[in-house]
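Here is how the chains run, residue by residue.
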Amino acid sequence: MVRTDSEDFQVYFNRIRPIYAELFNLAHAVTGASAQAEYSLQYAMLECWSLGELPSSRHGFREALRSATLHAALKNPGDADAEEDWDGLRTPSNSDDPIARLIVQEGSELRRMLALRCGCGLSLRRSARLAGVEYRRAKQLFQRFEARARRALPPADRRRFELRIARAVRSGLAQPNPLAPELNNMLRTFQMDAASVARSSRLPGRILRLIVAAVLTLMCMLVFWLAAVLLQPAVLEAPAATSAVETALPD
């Protein structure tokens with residue numbers, strides 16, 4: 001049965017829904033403005049759709065679209081005319097997590113740098129620049145926060161405090177953002193844009209994979225054949241039979 005565009009759109013939308021909040025919040029942390037974040041996410045969604053092929057696994061799809069969203073947001077992190085309205089990580093995603101409770105008590109500068117550094121995987125220097133914080137001050141803010149985070153954790157968990165911070169930040173970025181556009185409106189806009197974009201065919205990619213697989217198979221067969229030849233034990237030839245009558249030596 002041939003799939004229609006509507007069916008493909010629906011499958012694509014259903015895969016985006018569970019990660020929509022995180023994707024928008026990542027773009028919002030980078031751009032600082034919800035309008036720019038919306039544009040970046042729409043661009044990333046359209047780019048991934050136009051490629052015609054995304055990882056089939058849930059984790060692979062999420063990481064592919066997450067990477068595309070960050071790339072789109074970093075290409076145009078801000079607009080002079082766009083109002084900067086980022087104020088995320090204000091609600092603890094887990095009230096039992098001491099790190100999550102600690103994050104919400106921090107100022108907006110550090111919270112945004114935490115989102116960029118621990119949520120988006122950017123360097124501290126780049127996180128500081130995007131947040132508009134001088135690097136030396138950003139470094140001091142992080143050092144003080146890390147010291148407080150260590151003290152907030154039980155002794156057994158203090159060695160893993162960086163992992164705990166990253167987990168708390170990622171969990172916080174997955175929370176709904178009141179400034180994010182309604183998902184159905186976002187998807188309707190995307191569908192109108194995607195209808196005018198020719199989706200790349202999957203056939204060339206499949207053909208290329210088949211060719212690569214065939215070449216690799218032949219190479220493996222050749223290697224095994226050479227190994228079999230080189231490892232084959234040598235056959236020793238029997239010495240030539242001596243003459244039945246030996247020449248008599250003189251007395």
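Note that the coordinates shown come from a computational prediction; the quantities given were computed from them, not determined experimentally. (Residues numbered from 1 in each chain as written. Predicted model: local features only at pLDDT ≥ 70, side-chain atom pairs only at ≥ 80, totals over all residues. Heavy atoms only, no water.)

Honestly, helix H10 (residues 183-195) in this entry has me stumped. Any pointers?
Residues lying three or four places apart along an α-helix face the same way, a consequence of the helix completing one turn every 3.6 residues. Relative to the 18 Å expected for 13 residues at 1.5 Å per residue, H10 spans 18 Å between its end C-alpha atoms, a close match to the ideal helical length. Listing the buried residues of H10 in full gives Leu 183, Met 186, Leu 187, Phe 190 and Ala 194. Taken around the axis of H10, the buried residues stretch over an arc of 95°, which confines them to a single face. For H10, the exposed residues set more than 90 degrees away from the buried face come down to Met 192 and Ala 195. One side-chain oxygen of the residue at the start of H10 lies 2.9 Å from the amide nitrogen of Asn 184, identifying that residue as Glu 182. (Helix = DSSP H or I, 4+ residues; strand = E, 2+ residues; numbered from the N terminus. Expected span 1.5 Å × (residues − 1). Buried < 20%, exposed > 50% of the residue type's maximum accessible area, 1.4 Å probe, protein only. Arc of directions from axis to C-beta. Polar contact = N/O pair within 3.5 Å; in protein donor to acceptor, adjacent residues only side chain to side chain.)

Whenever I open this one, the nonpolar core confuses me. Can you help?
Generally speaking, a soluble globular protein has its nonpolar side chains buried in company with each other. Tyr 12, Leu 65, Ile 103, Met 113, Leu 114, Ile 165 and Phe 190 are the most contacted members of the largest nonpolar core, which has 58 residues in total. Among the elements that take part in this core, helix H2 (residues 20-31) stands out by supplying seven residues, more than any other. If we ignore the near neighbours within four places in the chain, the residues touching Ile 165 are Ile 99, Leu 114, Cys 118, Phe 145 and Ala 149. (Core = buried A, V, L, I, M, F, W, Y, C linked by side-chain atoms within 4.5 Å. Contact = heavy atoms within 4.5 Å.)

Just checking my understanding: could you explain the pattern of salt bridges for this structure?
Pairing between side chains of opposite charge can happen when the charged atoms of each approach one another. Here the structure, examined in full by the defined rule, presents twelve salt bridges. A salt bridge links Asp 87 to Arg 90, with the shortest nitrogen-to-oxygen separation between them at 2.8 Å. Its relative accessible area of 32% is what places Asp 87 among the partly exposed residues. Residue Asp 97 pairs with Arg 164 through a salt bridge whose shortest N-O separation is 3.4 Å. Remark: Arg 164 occurs in helix H9 (residues 161-173) and Asp 97 occurs in the loop between helix H4 (58-75) and helix H5 (98-104); sequence separation between them is 67 residues. Neither residue differs from the other here; Asp 97 and Arg 164 are each classed as buried. Each of Glu 22, Arg 62, Glu 63, Arg 66 and Arg 170 takes part in salt bridges that share partners, so that together they form one network. (Salt bridge = Lys/Arg side-chain N within 4 Å of Asp/Glu carboxyl O.)

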